[in-house]
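One letter stands for each residue in the lines below.
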Amino acid sequence: MNKINLESSGKQKSAAWKTRVFLFWVCLLLPMTVSGQEMIRAIYDATTDVTMARMVTPYQKWIVYSENNKMSLFGCMDTSGYSNIFVKTQQHLHVNDMEIVGQTLYFCGSMFNYDIMEDVGVVGFFDIRSFDTPSSMVVNYIFFNEFAELKKLVYYVKESTKHICMIGTGKDQRDYMADAYLFFGDEQPVYYWARSWMYLPNFDAVFDDITSYYDDIVVSARIEDSTEVQICFIQKTPVINSPFFFTVSLETVKIPNVPMNSVLLQTNRYNLYAFYRSGAYLDVCQFNGRNNNTSLRIPVLHTGGLFAEYFKLKDVCVDIYERDEMSALIAKTEGLLTTHRIYHIPQSLFPAGGVVNAHEYSHLMPYIPMTLCGGKNNHTITMGRYMGNWGMARVVNSIYGQCTGKVESKTREKDHGYNPKDREYRRFNGDAELLSMPVSVLDYTVFQECGDYYMKEDINKQ
């Protein structure tokens, strides 16, 4: 077997403001393509509990989100270090997921509804061009009072109907699929949002993720006591002004091995991927259509240490442009110490296997990645904490440089599993009132630093 020893190194950075300003100007003068270089942008004096980012086309511009126990804010950032705008929502939001489509950002999560005095599920959107005039910016939202929260979303348009498809947990603790949809046909001059949700009574499942893949909405479902996971393919309805599951055609495919924790989904131009932890490995299953073609196993945990090891899959993303490289963020714990690692996984590894590159942040480093954002041409964006502040880091998977180490990956035979018969389903409808709230502009200083964090590897054949 291969023995993999991963180490990390990084410069200690002063917290003094003068040093940050100096490094800001130094980094702006450095070339952006230096091998192994990592650019970090942090919002000074802005703490965070939750943070994420989504890329705007064209590249090098992101809509970012952060929250703490006092406020929720959105921002628009770019790589120049100058064009940064931040706004605070009038009412506190907890955002679990968001997606940019064209010039609109859609989000879902939970929010306090003062009419019923409870935290409820919420889905919303706003025009990202309104960052140009933030004083007139508004955030639109719809309550799902039957839900405790909405967890993940995906957007698509079909047959004159816009769909925001979601998974969430109801007040009854059951997981549901939900749809907020808008019909915009010519025969309906007044547009209004509708909402619907459904569950499968014979399918006791926890839904982890949702995505759009060709003519299907795909959901990962941990069944009963999580001893198996089914990938559920639900054909998008062709019926206008109806939820995506209106004509339910459900097919499920079991993934191999028993996952631990959540099963996250990701798509590129041709394939669907399911990421999950299985024992000491990070498993990645590739689907072509509804067929599970092959899987990769990436070793993460190793025996022989003084303390028991554990890891959790935190986030996944895909390079949305040319290379179709995927990234997976994990948190690995050994004793009381936690390191974070980003795996860079090329699509070309399927089905032959090979090696993947990884970038690691030890517990000694000032930056802690929390979520991923899709990048371009081997650039991966993370959002997280930098010395207690809210920050963004751009990591380059420098295959030809020294930024990342190599980790062996093995292919494995696919497990066909089984396709159970169609399940029963129950659907519910409710009125959808589109509400809106203004925002207020916040003034934050963004400073930039350069990192030289990398992983050394020593692989000895035994």
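All values reported here derive from a predicted model rather than from experimental measurement.

Section: the overall build of the protein chain
- Helix and strand counts for the protein chain stand at one helix and 34 strands.
- The burial tally for the protein chain puts 55% of its 462 residues in the buried class.
- Of all intrachain contacts in the protein chain linking residues separated by at least 6 positions in sequence, the fraction that spans at least 24 positions is 59%.
- Working note: accessible area of the protein chain is about 20100 Å², and carbon and sulfur atoms make up 50% of it.

Quick word on the state of the cysteines
- For the structure on display, the rule yields zero disulfides.
- Free of any disulfide, Cys373 has its nearest cysteine sulfur in Cys317, 7.0 Å distant.
- Given the relative accessible area of 3%, Cys373 is considered buried.

Regarding the sheet that holds strand S5 (residues 72-78)
- With respect to topology, nine strands assemble into an open sheet ordered S3-S4-S5-S6-S32-S10-S9-S8-S7, the strand pairing being antiparallel. Of all strands in the sheet, those bounded by a partner on one side alone are strand S3 (50-55) and strand S7 (93-101). The mean inter-strand angle of the sheet, taken between neighbouring strand axes irrespective of direction, is 25 degrees.
- Sheet topology places strand S9 (residues 118-127) next to strand S10 (residues 138-144); five bridges connect them, and they run antiparallel. The residue of S10 that forms the bridge with Phe125 is Asn140.

Thoughts on the sheet that holds strand S13 (residues 175-183)
- What the five strands build is an open sheet, ordered S11-S12-S13-S14-S31; its pairing is antiparallel. Each of the sheet's edge strands pairs with one partner strand only, and the pair in question is strand S11 (147-158) and strand S31 (426-431). On average, adjacent strands in this sheet sit at an angle of 25 degrees to one another, irrespective of strand direction.
- Sheet analysis places strand S12 (residues 161-170) next to S13, joined by nine bridges and oriented antiparallel.

Structural notes on the pairing of S12
- Most of S12 is tucked away, with nine of its ten residues classed as buried.
- When S11 meets S12, the two strands line up antiparallel, connected through ten bridges. Note that in S12 the partner of Val154 across the bridge is Cys165.
- The antiparallel hairpin formed by S12 and S13 contains four residues in its connecting segment, where Gln173 sits at a positive phi of about 70 degrees.

Structural notes on the pairing of S7
- As defined by bridge partners, S7 adjoins strand S8 (residues 104-113) across eight bridges and the pair is classed as antiparallel. Each residue of the ladder has a partner; that of His94, found in S8, is Ser110.
- Taken together, S7 and the strand that follows it, S8, pair antiparallel across an intervening segment of two residues, in which Gly102 is found at a positive phi of about 65 degrees.

Regarding unusual backbone geometry
- One non-glycine residue, Gln173, lies in the positive phi region at around 70 degrees.
- Examined against the element boundaries, Gln173 turns out to sit in the loop between S12 and S13.
- Even without glycine at this site, Met387 takes up a positive phi of about 50 degrees.
- Residue position: Met387 is located in the loop between strand S28 (379-386) and strand S29 (389-396).
- A relative accessible area of 29% places Met387 in the partly exposed class.

Some points on the pattern of salt bridges
- Per the counting criterion, the structure on display carries 13 salt bridges.
- Taking the shortest distance from any N to any O, the salt bridge between Arg129 and Asp127 comes out at 2.9 Å.
- Using a relative accessible area of 30% as the deciding quantity, one classes Asp127 as partly exposed.
- Between Arg297 and Asp283 there is a salt bridge, and its shortest N-O distance comes to 2.9 Å. Pair noted here: Arg297 is in strand S22 (residues 291-299) and Asp283 is in strand S21 (residues 281-288), with a separation of 14 residues, a long-range link. You'll find Arg297 and Asp283 in the same group, each marked buried.
- Overlapping salt bridges, with partners in common, bring together Asp216, Glu251 and Arg290 in one network.

Structural notes on the environment of Gly384
- Looking at where Gly384 falls in the secondary structure, it is placed in strand S28.
- Accessibility expressed as a relative area gives 0% for Gly384, which makes it buried.
- Linking Gly384 and Val50, residues 334 residues apart in sequence, is a C-alpha distance of 8.1 Å.
- The contact partners of Gly384, leaving out residues within four places of it in the chain, are Thr48, Thr51, Tyr367, Ile368, Pro369, Met370, Asn389, Trp390 and Gly391.

Concerning the nonpolar core
- In this structure, Ile63, Phe74, Leu93, Leu105, Phe107, Phe126 and Phe131 are the most contacted members of the largest nonpolar core, which totals 25 residues.
- When contributions to this core are tallied by element, the ones reaching two or more residues are strand S4 (61-67), S5, S7, S8, S9, S10 and strand S32 (435-442).
- The element that contributes the greatest number of residues to this core is S7, accounting for four residues.
- With 22 residues, the next largest nonpolar core counts Val284, Leu301, Ala328 and Leu349 among its residues.

A closer look at the confidence of the model for the protein chain
- For the protein chain, per-residue confidence averages 80 on the pLDDT scale, and 78% of positions sit at 70 or higher.
- Here residues 413-420 scores under 50 on pLDDT; set against residues more than four positions off or in separate chains, the count is 17 contacts.

Criteria and thresholds
Residues numbered from 1 in each chain as written. Predicted model: local features only at pLDDT ≥ 70, side-chain atom pairs only at ≥ 80, totals over all residues. Heavy atoms only, no water. Helix = DSSP H or I, 4+ residues; strand = E, 2+ residues; numbered from the N terminus. Buried < 20%, exposed > 50% of the residue type's maximum accessible area, 1.4 Å probe, protein only. Contact = heavy atoms within 4.5 Å. Areas by Shrake-Rupley, 256 points an atom, 1.4 Å probe, with all protein chains shown as cover. Disulfide = S-S within 2.5 Å. Pairing = 2+ DSSP bridges. Axes fitted to C-alpha atoms, helices over the stretch in contact; angles between N-to-C directions. Salt bridge = Lys/Arg side-chain N within 4 Å of Asp/Glu carboxyl O. Core = buried A, V, L, I, M, F, W, Y, C linked by side-chain atoms within 4.5 Å. pLDDT = per-residue confidence, 0-100.

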